[in-house]
Amino acid sequence: MTVWDDLVGQERVSEQLAAAARDADAFVTAAASDAPPPEASRMTHAWLFTGPPGAGRNQAARAFAAALQCVSPDRALGGAPGCGFCDGCHTALVGTHADVSTVAAVGAEILVKDMRDTVRKSFTAPANGRWQVIFVEDAERLNEKSANAVLKAVEEPAPRTVWLLCAPSVEDVLPTIRSRCRHLVLSTPSVEAVADMLVRREGIEPDIAASVARATQGHVDRARRLATDPAARARRASVLKLPQRVEDVGGALRAAQELVDAAAEDAKQLAEEMDGKETEDLKAALGAAQGGRLPRGTAGVVKDLEDMQKRRRTRTQRDSLDVALADLTSFYRDVLALQLGSRIALANTDAEDALERLARSSTPESTLRRIEAIAACGEALDRNVAPLLAVEAMTMALRAG
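Here's a quick rundown of the structure. (Residues numbered from 1 in each chain as written. Predicted model: local features only at pLDDT ≥ 70, side-chain atom pairs only at ≥ 80, totals over all residues. Heavy atoms only, no water.)

### Structural notes on the overall build of the protein chain
And step 1. Looking only at helices and strands, the protein chain has 15 helices and 5 strands in total.
And step 2. The C-alpha atoms of the protein chain give a radius of gyration of 24 Å, which matches the 21 Å a tight globule of 401 residues would have.
And step 3. Overall size of the protein chain, expressed as C-alpha extent along the three principal axes, is 75 × 60 × 40 Å.
And step 4. Out of the 401 residues belonging to the protein chain, those deemed buried represent 46%.
And step 5. Put simply, 72% of the contacts in the protein chain that link residues at least 6 apart link residues at least 24 apart.
And step 6. Total accessible area on the protein chain stands at roughly 19,900 Å², and carbon and sulfur atoms take up 53% of it.
And step 7. Distance from the positive charge centre (50 side chains) to the negative charge centre (57 side chains) of the protein chain: 3 Å. (Helix = DSSP H or I, 4+ residues; strand = E, 2+ residues; numbered from the N terminus. Rg over C-alpha atoms; globule rule 2.2 N^0.38 Å. Buried < 20%, exposed > 50% of the residue type's maximum accessible area, 1.4 Å probe, protein only. Contact = heavy atoms within 4.5 Å. Areas by Shrake-Rupley, 256 points an atom, 1.4 Å probe, with all protein chains shown as cover. Lys, Arg positive; Asp, Glu negative; His and termini not counted. Charge placed at Lys NZ, Arg CZ, Asp CG, Glu CD.)

Take a look at the structure:
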């Protein structure tokens, strides 16, 4: 199993990255033996991965990072880097490689203080790997200051440093940064490709794999979670019942409250899993005894951690609402398909009765207005409108049609 096997439906991108990894390997080998580097190379110091949600941007970047760090002995016999089994590949894929630094948005933005140490590290030589790899998962969330810090590092990188930036589209990245990157565009994988991956890699029954792949319309991560997490399936089933619960004002407001509460519960569960351990680990690192007082002058460090955890809870709640909005959009898209007599396959076949009832009792124009209301809710959340206020406005618009 190579590192490229998780890139579902991205054969062209896999081929480009594999070729670049081979050239990168040749560059390191030549440098180690004082031989001249290859004249023509498909390797470069900065890459930008774009594509719709679920296409696998982060997986592609992570696989490339693993191939760059591959230490398989098969390479000496002509094998391609990226075996998936060696220590370099394994640690890069699971996120523990010393020379692969990952930056992700904890809250709504990646702050410059979150980037400072990483940018500083990008100018150093690899500690024990073949390359110093800086992986930015949410490049679209770089704010002005953090984007400028990245720009300076990308403009004049160290010889063996590689930047891997991921964003939904090229327009989401500062023009001066994207002009210095090699751009790879990932496409949404087909439903069939996602279902096949779930059967082969996760051992999911074929009919369940086909159902969740169809429900998520090729979103790899969400399909995997639906297939393996009963709680995720229960939440989705609850969201798909929402259109039937907004027939009166009271029902619309209750549905909004329950949707926001469910998202808040997701954030709370994550906090319970991670916050306590992070805090105890930090206190231990600072020299505080179990249950004892912190050493003088370290309270600010703990406060920074608490601020980060608060931002992460906000982000988790927003991500949960995003998933719910995507499910609602797919529901009304199916309604519109029925109303227009389209031959496209329905995504939500498990709610077909509700789809048909709503299709008969409303018009295509009202369905389009409802889809626009869901999009407007997402935009309001992007502007940091209070979640309950934004979702209440949406459910009232869904009721009005």
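### Brief notes about the sheet that holds strand β2 (residues 100-103)
And step 1. Read across the open sheet, the 5 strands follow the order β2-β3-β4-β1-β5; overall the sheet is parallel. The open sheet is flanked by β2 and β5 (182-185), the only strands paired with a single partner. Looking at each pair of strands side by side, their axes are set apart by 15 degrees on average, direction ignored.
And step 2. Note: β2 against strand β3 (residues 132-136), 4 bridges, orientation parallel. Considered in β3, the bridge of V100 is made with V133. (Pairing = 2+ DSSP bridges. Axes fitted to C-alpha atoms, helices over the stretch in contact; angles between N-to-C directions.)

### Description of a negative patch on the surface
And step 1. Residues D261, E265, E272 and E273 make up a contiguous surface patch of negative charge.
And step 2. Among the secondary structure elements, E272 is positioned in helix α11 (residues 249-286). (Patch = residues over 30% accessible without salt bridge, like charges linked within 9 Å, V, L, I, M, F, W, Y side chains within 5 Å. Salt bridge = Lys/Arg side-chain N within 4 Å of Asp/Glu carboxyl O.)

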